[in-house]
Amino acid sequence: MTKRVLVTGGTGYIAGELIDQLLARGFAVNTTVRSKARSEPRLRARWPEAGDRLQVFEADLLADAGWAEANAGCDAVAHVASPFPMGVPKDKDDLVVPAREGTLRALEHANQAGIKRFIHTSSAAAIAYGQPEKDYFDYTDWTNLTAGVPPYIESKTVAERAARDWVAVHAHDMVYCSINPVAVFGPVHDADLSTSVQVVKKMLEGRFPALPDMGMSVSDVRDVARAHVLAIEAPTETVRGERFPTATRFLWLSDFAAILRARTPELARKVPTRRMPDWVVKLLSLVVPAMRQVRGELRNLREVSGRHTEEVLGFTFIDPGQTLEDTARSLAAKGIVRA
Ligand code: NAP
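Residues numbered from 1 in each chain as written. Predicted model: local features only at pLDDT ≥ 70, side-chain atom pairs only at ≥ 80, totals over all residues. Heavy atoms only, no water.

For the protein chain, the name recorded in an unreviewed UniProt entry is NAD-dependent epimerase/dehydratase family protein, with Croceibacterium salegens as its organism. Its UniProt record gives the protein chain the following Sequence similarities (unreviewed entry) comment, quoted word for word: "Belongs to the NAD(P)-dependent epimerase/dehydratase family. Dihydroflavonol-4-reductase subfamily." (UniProt positions renumbered as here; feature names shortened; annotations may be inferred.)

Structure (structure tokens):
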């Protein structure tokens, strides 16, 4: 019989790629959106062949309505939805509450529906922050919240901790694991871009006059989705309680720029070559709220290893140069950035 997977937040970047891969592998998919009227036509247009294999339900992370229906008949849940905004909200609870409550709500409804496999899209945000003395992290590390971290980082850490605690107490026979991507790039489907992809878009558009001395480990959206699929399909004891960081190499923004110039020269004319001095970043952070996060990242090497994930799930991540090239080419192919 066809297995059915609930993917929460079907409008999102990672969820879209995951639905693509699940449908291609013969799964049926239920997905939740906040507004069916707004989102179902877009999802149907993306997967016109799916028919009844794709069912769309209205459910918000902050309310119970719709969750029982969305879970009914499913064999596994991939809980992907969580707020991931570009800026920093005034009130951290705008992120922490939906991340934590939404995850617990998704778990409770999955458990009530008798679903035994729950894949949680967590983040390297739950692994690699609040430890300034370290520059290398893996699946065994946890973000130190007592150090004071930005609200998004806190939201993902609190949500993953809460999920693990909840499963330990309430659902011993549920197999829970987390997927922990870092900064996700790769082919895009439409102009509704995730916060991570905006970095490459802005670079190609010349919206960064110079590059701050900061960087990030790269995850490819295809690898992130594949890790979810493999975690759904793997034997119970292979994935129970696991954490699966999906990251290749740490790249400085200057590496991003060099890769884009080398691999997509026709698109990279506006990619900056100059470095932004730290004092400029610090000055700008006094007036531009988004620069405060950049200031906190200056010269911060934060390598997150995905080797454990490659070994346990048995696949090799896409090279980050390829990921960035494919991001740029798809942004151009969709007319989102102009050459
Ligand atoms: P995205 O494209 O912004 O997707 C976020 C999804 O969450 C959207 O479908 C959004 O629905 C949904 N959502 C937000 N608040 C909601 C609420 N109150 N109720 C119901 N749905 C809500 O982001 P993404 O990059 O695909 O991220 C997906 C997941 O991956 C998130 O959990 C994020 O933390 C995690 N992650 C992302 C990255 C990255 O670099 N992209 C890295 C690590 C982890 P609407 O369309 O209605 O807003």
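Here the narrative resumes, following the displayed structure.
Caption draft 1: Seen up close, the sheet that holds strand β11 (residues 250-252). Here 3 strands make up an open sheet; going across it, the order is β8-β9-β11 and the pairing mixed. Of all strands in the sheet, those with a lone pairing partner are β8 (183-185) and β11, marking the two edges. On average, each strand axis in the sheet is inclined to that of its neighbour by 50°, with strand direction left out of account. As paired elements, strand β9 (residues 215-220) and β11 share 3 bridges and run antiparallel to each other. Opposite Met216, over in β11, you have Leu251 as the bridge partner. (Pairing = 2+ DSSP bridges. Helix = DSSP H or I, 4+ residues; strand = E, 2+ residues; numbered from the N terminus. Axes fitted to C-alpha atoms, helices over the stretch in contact; angles between N-to-C directions.)

Caption draft 2: Representation of the state of the cysteines within the structure. By the definition in use, this model includes 0 disulfides. Cys74 takes part in no disulfide bond, and the closest cysteine sulfur to it belongs to Cys177, at a distance of 17 Å. The exposure class of Cys177 is buried, given its relative accessible area of 1%. (Disulfide = S-S within 2.5 Å. Buried < 20%, exposed > 50% of the residue type's maximum accessible area, 1.4 Å probe, protein only.)

Caption draft 3: How the structure looks around the site of the ligand. The local shell around the ligand holds 24 residues, among which Thr11, Arg34, Tyr152, Val182 and Ser194 are the closest. The side chain of Lys156 places a nitrogen or oxygen atom 2.7 Å from an oxygen atom of the ligand. In this structure, an oxygen atom belonging to the ligand sits 3.4 Å away from a main-chain N or O atom of Val182. Here the ligand loses 88% of its free accessible area of 890 Å² to cover by the protein chains. Breaking the shell around the ligand down by element, the ones donating at least two residues are α1 (13-24), α5 (151-170) and β8. For the shell around the ligand, a count of residues per class yields 12 nonpolar, 9 polar and 3 charged. (Near = heavy atom within 4 Å. Polar contact = N/O pair within 3.5 Å; in protein donor to acceptor, adjacent residues only side chain to side chain. Areas by Shrake-Rupley, 256 points an atom, 1.4 Å probe, with all protein chains shown as cover. Nonpolar A, V, L, I, M, F, W, Y, C, P; charged D, E, K, R; others polar.)

Caption draft 4: Structural detail: the UniProt feature "domain: NAD-dependent epimerase/dehydratase" (unreviewed entry) in the protein chain. In the numbering adopted here, UniProt assigns the feature "domain: NAD-dependent epimerase/dehydratase" (unreviewed entry) to residues 5-244. Taken end to end, residues 5-244 has its terminal C-alpha atoms 19 Å apart, with 40% of it in helix and 18% in strand.

Caption draft 5: Spotlight on the side chain of Asp213. You can see Asp213 is positioned in the loop between α6 (195-204) and β9. Residue classification places Asp213 among the buried positions, given a relative accessible area of 17%. A distance of 2.7 Å separates the side chain of Asp213 from the side chain of Arg275, its partner in a polar contact.

Caption draft 6: Quick peek at the pairing of strand β3 (residues 54-58). Bridge analysis of strand β2 (residues 28-33) against β3 gives 5 bridges, and the strand direction is parallel. Among the inter-strand pairings, Thr31 is bridged to a residue of β3, identified as Val56. Where the polypeptide runs from β2 across helix α2 (residues 36-46) and back to β3, its parallel neighbour, the crossover connection is right-handed. (Right-handed = clockwise from strand over helix to strand, strands pointing away.)

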